[in-house]
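# Per-entry structural report
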Amino acid sequence: RNLRYKSKSIIQYKLEDLKDEQDLDILFVGSSHCYRGFDTRIFKEQGFEAFNLGASSQTPKETNLLLNKYLPQLKPKLIIYEVFPTCFELDGLEASLNMISAQPLDADFVPMLWRSPSPKLFNTFIVSCFNKWTKEQTIDLSAPFTAKDIYHEGGFVERIDTDYDFDVETPKAYSFRAEQLEAFEDNVQLIQEQ
């Protein structure tokens, strides 16, 4: 119950793919709407170097960690920040679990352990570190992520099963977390400085 280690995750694919990227024309950040909504292949066909760094349930706090770590390397000319209101209501645990599973020994991600303290996050960190030290982990970016999800170079994830049924909902009242709003403001400032 207090452990959620994933041997592979979308963010793990992206961080592996991101290693050699630099001097981008366009960087996309945000939640799953971002990584499933902005197909970097289309931009590359038009001659733009693009990378999609969106991830499932990525809150402004996780976006802040990614921006601080990768903006100096990527130096994008344009950043498109997908903003999904529900992510401002989340504590960031889901995205933190995925990131700590993917890169447990990355010093830039360690602040997640203290910012959102959770037994599940600490336990996942310990198991992830152990697996990183004891197992050879290779990511084959050309292999399908799941039977229905195909990862494409540049961070886009294509969904094979596109038979979605959307219900139109009545407008929702949101209850944003103060720390997520602060992180969002920090992100906007960081982007403007870039």
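Residues numbered from 1 in each chain as written. Predicted model: local features only at pLDDT ≥ 70, side-chain atom pairs only at ≥ 80, totals over all residues. Heavy atoms only, no water.

With that out of the way, let us pick up the pattern of salt bridges. One side chain can pair with another of opposite charge once the charged atoms of both are near each other. One pass over the structure, following the stated rule, counts seven salt bridges. A salt bridge links glutamate 16 to lysine 19, with the nearest nitrogen and oxygen atoms 3.0 Å apart. On the basis of relative accessible area, glutamate 16 is assigned to the partly exposed category, the value being 29%. Bridged by salt links that share partners, the residues Arg36, Asp149 and Arg159 form one connected network. (Salt bridge = Lys/Arg side-chain N within 4 Å of Asp/Glu carboxyl O. Buried < 20%, exposed > 50% of the residue type's maximum accessible area, 1.4 Å probe, protein only.)

In terms of strand pairing, strand β4 (residues 149-152) meets strand β5 (residues 156-159) through four bridges, oriented antiparallel. The partner of histidine 152 across the bridge, within β5, is phenylalanine 156. Connecting the antiparallel pair β4 and β5 is a turn made up of three residues, with glycine 154 showing a positive phi of about 105°. (Pairing = 2+ DSSP bridges. Helix = DSSP H or I, 4+ residues; strand = E, 2+ residues; numbered from the N terminus.)

The next subject is the nonpolar core. Membership of the largest hydrophobic core comes to 35 residues, with the highest contact counts inside it found for Ile11, Leu15, Leu27, Leu53, Leu66, Tyr70 and Phe109. Elements with a contribution of two residues or more to this core: α1 (10-18), β1 (26-29), α4 (60-74), β3 (78-81), α5 (93-102), α6 (111-115) and α7 (119-134). With six residues, the top contributor of residues to this core is α4. Among residues more than four places away in sequence, those in contact with leucine 15 are Leu53, Leu66, Tyr70, Ala102, Gln103 and Phe109. (Core = buried A, V, L, I, M, F, W, Y, C linked by side-chain atoms within 4.5 Å. Contact = heavy atoms within 4.5 Å.)

Structural measurements only, silent on function.
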